[in-house]
Amino acid sequence: MKNWIFLILIALPFTGFSQEDMDEGVMSSVKQTVTNTSVDLDYLEDQFYVGFTYDYLAVKATNVVQHNLSRGIHAGFLRDIPINAKRTVGFAAGLGYAYDRVYNNMLATKTATGVDYEIVERFKDLDLSRNFFETHTVEFPIEFRYRTSTPESHKFWRVYTGLRLGYIFSERSLNTRSSVSTSFQNPDINKTFQCKAFAVFGYNALNFFVQYNLTPLMKDAHTAEGTSLKSNVLQIGLMFYIL
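Note that this is a predicted model, so its numbers are computed, not measured.

## Details of the nonpolar core
If you look at the biggest cluster of nonpolar residues, it comprises 18 residues, and the most contacted ones within it are Leu57, Tyr117, Phe133, Leu217, Met218 and Leu229. When residues in this core are grouped by element, the largest group, 3 residues, is from strand β5 (residues 115–119). When near neighbours in sequence (up to four residues on either side) are disregarded, Phe133 contacts Leu57, Asp100, Arg101, Val102, Asn104, Met106, Arg172, Ser173, Ile189, Leu217 and Met218. One finds Tyr49, Leu78, Ala92 and Phe156 within the second-largest nonpolar core, a separate group that totals 10 residues.

Below is the structure:
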């Protein structure tokens, strides 16, 4: 009997140590779980964007019309700069690129002295199948941001508005007549800095985008009859944000 009591007394300390080891393992697991589920309170949002728009000549000569699908593609990087503790209000600035193709009936013809223009009312009369101008622009967006974001969720409402300063670094006019395409660099399409006002509003992945070019294109272009071809482009479409 004494031997049994002696063995029990010896075993008790080891049993205690084993329980402590077990508790330490549980606590360590809990601590690890808490660490893994922690949130980033200094999060940033919407730093890359891609957009697709329909391009509409909002200010134009009376007889100027559009045909086919005029379109634009926009992409770039924005540095998110929150200014409040909840990071729901802030600014952003960055660098982007825009490609725009605008179909219209302002036929441009290159001559020895410059570019001649004609507003074509019936394409069939000239066996003309398409006519457009396109631009490639580097842009510098600056925007004010309001959103309902939280550190735990990437789904939120957003309203962004601001200006895009852009420079057209490449442009051309193109037409296809009698199945023969002719294109040339058009000096009348402004290569000066452009200023565009825009707004974005939406929820999660679905965001509506509207932008108006405050700087008119082809502001010095005229037809032989003296009609001004100065045009301002209104763009309506969707904008998608990443990271």
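## Brief notes about the pattern of salt bridges
If charged atoms from side chains of opposite charge come close, those side chains can pair. Per the counting criterion, the structure on display carries 10 salt bridges. Between Asp80 and Arg145 there is a salt bridge, with the nearest N and O atoms lying 3.0 Å from each other. Remark: Arg145 occurs in strand β6 (residues 128–147) and Asp80 occurs in strand β2 (residues 71–82); sequence separation between them is 65 residues. Judged by relative accessible area, which is 3%, Asp80 ranks as buried. Three or more residues joined by partner-sharing salt bridges are found here, namely Asp80, Glu143, Arg145 and Arg147.

## So, unusual backbone geometry
Leave glycine aside and you will find that most residues have negative phi; peptide bonds, for their part, are mostly trans. Of note in the backbone geometry, Asp46 takes a positive phi value of approximately 55 degrees without being a glycine. Tracing the sequence through the fold places Asp46 in the loop between α1 (2–36) and β1 (48–59). The buried category is assigned to Asp46, whose relative accessible area is 3%. For Asn204, which is not glycine, the phi dihedral falls at a positive 55 degrees. With respect to the helices, strands and loops of the structure, Asn204 is situated in the loop between β9 (193–203) and β10 (206–213). Among the residues examined, Asn204 registers a relative accessible area of 30% and is labelled partly exposed.

## Section: the packing of aromatic side chains
Aromatic ring pairs are defined here through the distance separating the ring centres and the angle between the ring planes. For the structure on display, the rule yields 10 aromatic pairs. Look at Tyr167 and Phe193: their rings are 5.4 Å apart centre to centre, the planes differ by 55 degrees, and that puts the pair in the tilted class. Residue Tyr167 is found in strand β7 (residues 157–177), and its partner Phe193 is found in strand β9; the two are separated by 26 residues along the sequence. Judged by relative accessible area, which is 54%, Phe193 ranks as exposed. Each ring, one from Phe198 and one from Phe209, has its centre 6.2 Å from the other, and the planes form 40 degrees; the classification is tilted. In this pair, Phe198 sits in strand β9 while Phe209 sits in strand β10, placing the two residues 11 residues apart along the sequence. In this structure Phe198 comes out as buried when scored by relative accessible area, which is 3%.

## Description of the confidence of the model for the protein chain
Mean pLDDT over the protein chain: 86, with 84% of residues reaching 70 or higher. Low pLDDT (under 50) marks residues 2–36, which in the prediction has 0 contacts with non-local residues, meaning those over four places away or in another chain.

## A closer look at a nonpolar patch on the surface
On the surface, a nonpolar cluster with roughly 1,000 Å² of combined accessible area is contributed by Ile81, Ile83, Phe91, Phe144, Tyr146, Val159, Phe201, Leu206, Phe208, Val210 and Ile236. Looking at the nonpolar patch, the elements that each hand over two or more residues are β6 and β10. Tallying contributions element by element places β10 first for the nonpolar patch, with 3 residues. Following the sequence through the fold, Phe201 ends up in strand β9. The class for Phe201 is partly exposed, based on a relative accessible area of 44%.

## A look at the environment of Val64
Turning to its location among the elements, Val64 is positioned in the loop between β1 and β2. Judged by relative accessible area, Val64 falls into the buried class, the value being 2%. Residues Val64 and Ser231, spaced 167 residues apart in sequence, show a C-alpha to C-alpha distance of 9.8 Å. Excluding anything up to four places from it in sequence, Val64 contacts Leu57, Asn105, Met106 and Ile119.

The rules we used
Residues numbered from 1 in each chain as written. Predicted model: local features only at pLDDT ≥ 70, side-chain atom pairs only at ≥ 80, totals over all residues. Heavy atoms only, no water. Core = buried A, V, L, I, M, F, W, Y, C linked by side-chain atoms within 4.5 Å. Buried < 20%, exposed > 50% of the residue type's maximum accessible area, 1.4 Å probe, protein only. Helix = DSSP H or I, 4+ residues; strand = E, 2+ residues; numbered from the N terminus. Contact = heavy atoms within 4.5 Å. Salt bridge = Lys/Arg side-chain N within 4 Å of Asp/Glu carboxyl O. Phe/Tyr/Trp six-rings, centres within 6.5 Å; stacked < 30°, edge-to-face > 60°. pLDDT = per-residue confidence, 0-100. Patch = residues over 30% accessible without salt bridge, like charges linked within 9 Å, V, L, I, M, F, W, Y side chains within 5 Å. Areas by Shrake-Rupley, 256 points an atom, 1.4 Å probe, with all protein chains shown as cover.

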